[in-house]
Amino acid sequence: MAGPDTAAPAAGTIRYWAAAKAAAGTTEEPYHAATLADALAAARARHAREPEFARVLLRCSFLVDGTPVGTRDHSAVPLPDGGTVEVLPPFAGG
């Protein structure tokens, strides 16, 4: 059971776009995590054999159920049960 300062893990989907999709080798995968930081740490571990994956994540922006994460600390971004995390690398052009 979660303590007073920790949230219970939620289950949802991480969707990868463009270079993130190429580096992950998949368009989406499930998450089981309380925060965005936890979900991304688990994704990095799953894709440890693809070193480009971790590099791409450093350049990405993230949406949680359509809401931009921006510069918030990823450990302070809770994930909802049944939610979606969009992983968006920078896009060329304008």
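Scroll up a little and you will see the structure.
Residues numbered from 1 in each chain as written. Predicted model: local features only at pLDDT ≥ 70, side-chain atom pairs only at ≥ 80, totals over all residues. Heavy atoms only, no water.

Chemist: Any chance you could explain unusual backbone geometry here in plain terms?
Modeler: Leaving glycine out, the prevailing phi sign among residues is negative, and the prevailing peptide bond configuration is trans. Look at A18: it is not a glycine, yet its phi comes out positive at around 50°. By the element assignment, A18 lies in helix α1 (residues 18-24). Residue A18 is classed as partly exposed on the basis of its relative accessible area of 40%. Notably, D65 is not glycine yet its phi reads approximately 50°, a positive angle. (Helix = DSSP H or I, 4+ residues; strand = E, 2+ residues; numbered from the N terminus. Buried < 20%, exposed > 50% of the residue type's maximum accessible area, 1.4 Å probe, protein only.)

Chemist: For this particular structure, what's the right way to read the side chain of E29?
Modeler: The residue E29 is located in strand β2 (residues 28-33) in this model. One polar contact links E29 to R46, side chain to side chain, over a distance of 3.1 Å. Of the polar contacts made by the side chain of E29, one reaches the side chain of H47; its length is 3.0 Å. Excluding its chain neighbours within four sequence positions, the residues that come into contact with E29 are G12, T13, I14, Y16, A43, R46 and H47. (Polar contact = N/O pair within 3.5 Å; in protein donor to acceptor, adjacent residues only side chain to side chain. Contact = heavy atoms within 4.5 Å.)

Chemist: Honestly, the side chain of E86 in this entry has me stumped. Any pointers?
Modeler: For E86, the location among the structural elements is in strand β5 (residues 84-88). Note on E86: relative accessible area 13%, which makes it buried. Reaching out from E86, the side chain makes a polar contact with the side chain of R15 at a distance of 3.3 Å. Setting aside residues up to four positions removed in sequence, E86 forms contacts with R15, W17, S61, F62 and L63.

Chemist: Would you mind showing me how to read the environment of T27 here?
Modeler: The residue T27 is located in the loop between α1 and β2 in this model. Residue classification places T27 among the partly exposed residues on the basis of a relative accessible area of 45%. Sequence separation between T27 and W17 is 10 residues, and the spatial gap between their C-alpha atoms is 7.0 Å. Excluding residues that lie within four positions of it along the chain, T27 makes contacts with I14, R15, Y16 and K21.

Chemist: Sorry, what's going on with the pattern of salt bridges here?
Modeler: Where charged atoms from two side chains of opposite charge approach closely, those side chains can pair. On inspection of all chains with the given rule, the structure shows 4 salt bridges. For E86, the salt bridge goes to R15, with nearest N and O atoms at 3.3 Å. Within this pair, whereas E86 is found in strand β5, its partner R15 is found in strand β1 (residues 10-16), the two being separated by 71 residues in sequence. Residue class for R15 comes out partly exposed when judged on its relative accessible area of 33%. In this structure, the salt-bridge partner of E29 is R46, at a minimum N-O distance of 3.1 Å. With a gap of 17 residues between them, E29 in strand β2 and R46 in helix α2 (residues 36-46) connect regions that are remote in the sequence. Owing to a relative accessible area of 43%, R46 belongs among the partly exposed residues under this scheme. (Salt bridge = Lys/Arg side-chain N within 4 Å of Asp/Glu carboxyl O.)

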